[in-house]
Structures are given as C-alpha cells and as structure tokens.
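Summary of the model geometry
Residues per chain are reported as follows:
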Amino acid sequence: IFGPITQQTSDFAVTLWEAECGSFVDMVGYYRVYLHKFFYPFLLHTLGLRTQDAIFFLQCIFTAFVPVVIYYIWEKITPNSRIGCIAAVVYIIWPGQLFYATVITEEHLAALVTVLIVFFLLDLVQTIEQEEQLSRNRKKILAKFVIVGSLCGVSAFLKDWALIILVAIIPCVLYLLVIYKKQQRIILFVGIILILLARSAVQTGGAMLAERKLGVKANNQI
C-alpha cells in the first residue's frame, strides 16, 4: 500500500540508493564519518534486496519478530504471560510502527538485535542461578555469553543501543557478584569478559571489512 506513495529522503534515500547500486565508494566521505550507515545497505545489496518494496518486506519481518521476543522476555521475568501479550500487542498496534516500517533504516534490525540481547541476558542470569544446571551446562552458558557479545558487536554497526544495555548491567553485575556463590561469580565474571571480547572482535572485523570495501580508513565512534 505504502510502496508507490513513499519517497525516501536524506540518509534514508542514501541507504536505498546504495542498496540498489551497491557502489558505496561514491559515498566514501560519508561512510568515513558514519561507518555504521554502510552495513545495512551493504547487507541489503548482498541479499539481493535492491528495491524499495523488497526492503519494506524484510523490514516488516524484522518488526514482526520484535513483539515475539518482547513476549518471551516477559515470560522470562514473570509467569504471568498476559503481561507479555499486552506488551507485544501494544508494540504491534502502535501507529508509529506502521509508518516507520516504510522508512528504510537499519533501526528495524537494531530493534530486533536489542531485544534479543535482553532476552539472552535474562536467560543467562536465570540459568546461572540454577546451580544444578550451572555444573552441567557450563560450556553452553559461556557460548551464550559469546552470542550476546557478538550481537552487541553487530549492534555497534546498526544503532548502538547495546552500549546502553552494557552500561545498565554494570550495577546489576556488581550486585550479583555480591550475592552469588563462588562458582556463580566465576561464571558471571568470565561471561562479562567474553561479552566484551566478542563485541570487540565483531567491531574490529566489521571495521576491517568496511575499510577493505571502501578502500579508506573509517571511524565508527559516532
């Protein structure tokens, strides 16, 4: 419905243009400052999504999965699934969601990545607090910490909302380190280190990929 009457402007028009043509070097000056704007059109072009309607379809998929994860986040927090249903439905019917899906931006994928990070963090804390699972599933728990760190690294090249989460968990981790038992403390501490290392590795790898593609040194500190 919105496809034929939607005209992208500003940064969103640049994203659509680069997804269509796949050139990127024509915007080197732009990407040297705003490197995070490179990866979404690069992903779209690589996937063969080079028209506005095709990109709208993908963004609708991203947006549709967000309330699903929101529901499962609430299920982790409380056994009252009704709250999760309400939160998910409010997200779905919020008018801004309908119209924003027609804006070509990496924020749709960033939103999905962000809620996935929150979900995995909650799952990890609950697993660590079940001591019988802690000894059996140590490798799986550490692997999940690496996944969280990797998602945080991906977030840095979309909208770095993961940085807000990482700052927010500092007081939480300090509190948990006080109340946890020795084995739980060790797993949590190692896990946080793994998150930071995985995030750094993904950021470094992403920057190297972008610089190789663009042929210039770039900055992603905005």
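Residues numbered from 1 in each chain as written. Predicted model: local features only at pLDDT ≥ 70, side-chain atom pairs only at ≥ 80, totals over all residues. Heavy atoms only, no water.

**Thoughts on the packing of helix α3 (residues 36-46) against helix α11 (residues 182-214)**
Selection criterion: Only the stretch in contact is used when a helix axis is fitted, and all axes are lines through C-alpha atoms; the angle between N-to-C directions ranges over 0 to 180 degrees. A helix here means a DSSP run of H or I that spans at least four residues, while a strand means a run of E at least two residues long, and both kinds are numbered starting from the N terminus. Here roughly perpendicular refers to angles of 65 to 115 degrees, roughly parallel to angles under 35, roughly antiparallel to angles over 145, and oblique to all remaining angles. Working rule for contacts: check all heavy atoms of both residues, and any pair within 4.5 Å makes them a contact. Nonpolar residues are Ala, Val, Leu, Ile, Met, Phe, Trp, Tyr, Cys and Pro. Charged residues are Asp, Glu, Lys and Arg, and all others, Gly as well, are polar.
Interaxial distance between α3 and α11 falls to 11 Å at its minimum, and their mutual angle equals 75°. By the angle between their directions, the pair α3 and α11 is classed as roughly perpendicular. For the pair α3 and α11, contact is made by Phe38, Phe39 and Phe42 and by Gly206, Ala207, Leu209, Ala210, Lys213 and Leu214, respectively. Here the contact of α3 with α11 is composed, by residue class, of seven nonpolar, one polar and one charged.

**A word on the environment of Leu43**
Along the chain, Leu43 turns up in helix α3. The spatial distance from the C-alpha of Leu43 to the C-alpha of Ala19 is 7.9 Å, given a sequence separation of 24 residues.

**Here's the deal with the confidence of the model for the protein chain**
Heads up, the condition is: pLDDT measures the predictor's confidence residue by residue and takes values from 0 up to 100.
On average, the protein chain scores 89 in pLDDT, and the residues at 70 or more come to 97%. Element-level pLDDT for the protein chain is lowest in helix α8 (residues 131-136), with a mean of 72, against a maximum mean of 95 in helix α7 (residues 107-128).

**Looking at a nonpolar patch on the surface**
Rule in force here: Nonpolar side chains (Val, Leu, Ile, Met, Phe, Trp, Tyr) within 5 Å and like charges within 9 Å form the patches, drawn only from residues with over 30% relative accessible area and no salt bridge. Per-residue and other accessible areas follow the Shrake-Rupley method at a 1.4 Å probe size, with only the shown protein chains counted as cover for residues. The working definition used for a salt bridge is a side-chain nitrogen of Lys or Arg within 4 Å of a carboxyl oxygen of Asp or Glu. Only protein chains enter the accessibility calculation, which uses a 1.4 Å probe. A residue is then buried if its area is under 20% of the maximum for its type, exposed if over 50%, and partly exposed in between.
Together, Phe57, Ile61, Phe65, Val68 and Tyr72 line one region of the surface with nonpolar side chains, adding up to about 490 Å² of accessible area. As for its position among the elements, Phe65 is in helix α4 (residues 52-77). Classification of Phe65 as partly exposed rests on a relative accessible area of 46%.

**Some remarks on the packing of α4 against helix α5 (residues 81-93)**
For any two helices packed against each other, the geometry is given by the interaxial angle and the distance between the axes. The cut-off we apply is this: By definition, turning the near helix anticlockwise from the far helix through less than a right angle yields a left-handed crossing, and turning it clockwise yields a right-handed one.
Closest axis-to-axis distance for the α4/α5 pair is 8 Å, and the angle between their directions is 160°. Judged by the angle between their axes, α4 and α5 are roughly antiparallel. Considering how the two elements wind past one another, α4 and α5 form a crossing that is right-handed. Touching Thr63, Val66, Pro67, Ile70, Tyr71 and Trp74 of α4 are Ser81, Ile83, Gly84, Cys85, Ala87, Ala88, Tyr91 and Ile92, all from α5. Looking at the contact of α4 with α5, its residues break down into 11 nonpolar, three polar and no charged.

**Some remarks on helix α1 (residues 10-21)**
Under the convention used in this document: One fewer than the residue count of a helix, multiplied by 1.5 Å, yields its expected span.
Compared with an ideal rise of 1.5 Å per residue, which puts 12 residues at 16 Å, α1 spans 17 Å between its outermost C-alpha atoms and is within 8% of the ideal. Inspection of α1 places Val14, Thr15, Leu16, Glu18 and Ala19 among the buried residues, and these make up the whole buried set. Contact partners of the buried residues in α1: α2 (28-33), α3 and α4. Positive phi appears at Gly22, one or two residues downstream of α1, with a value of about 65°.

**Thoughts on the packing of aromatic side chains**
For the record, the criterion: We call Phe, Tyr and Trp rings a pair once their centres come within 6.5 Å, taking the six-membered ring for Trp, and we label the pair stacked below 30 degrees between planes, edge-to-face above 60, and tilted otherwise.
According to the stated counting rule, one finds 12 aromatic pairs in the structure shown. Relative to Phe38, the ring of Phe24 lies with its centre 5.1 Å away and its plane at 70°, an arrangement referred to as edge-to-face. Residue Phe24 is found in the loop between α1 and α2, and its partner Phe38 is found in helix α3; the two are separated by 14 residues along the sequence. With relative accessibility at 1%, the residue Phe24 sits in the buried group. For the ring pair Phe38 and Phe39, a centre distance of 5.1 Å and an interplane angle of 75° mean the geometry is edge-to-face. Here Phe38 matches Phe39 in class, with each residue buried. Linked through ring pairs, Phe24, Tyr30, Tyr31, Tyr34, Phe38, Phe39, Phe42 and Phe157 together constitute an aromatic cluster.

**Remarks on the nonpolar core**
Formally: The criterion is simple. A nonpolar core is a set of buried Ala, Val, Leu, Ile, Met, Phe, Trp, Tyr and Cys residues joined through side-chain atoms within 4.5 Å.
Counting residues in hydrophobic clusters, the biggest one holds 43 residues, and the most contacted among them are Ile55, Ile117, Ile128 and Phe145. Top contributing element to this core by residue count: α7, with 11 residues. Among the nonpolar cores identified, the runner-up in size contains 10 residues, and Val14, Tyr30, Tyr31 and Phe39 belong to it.

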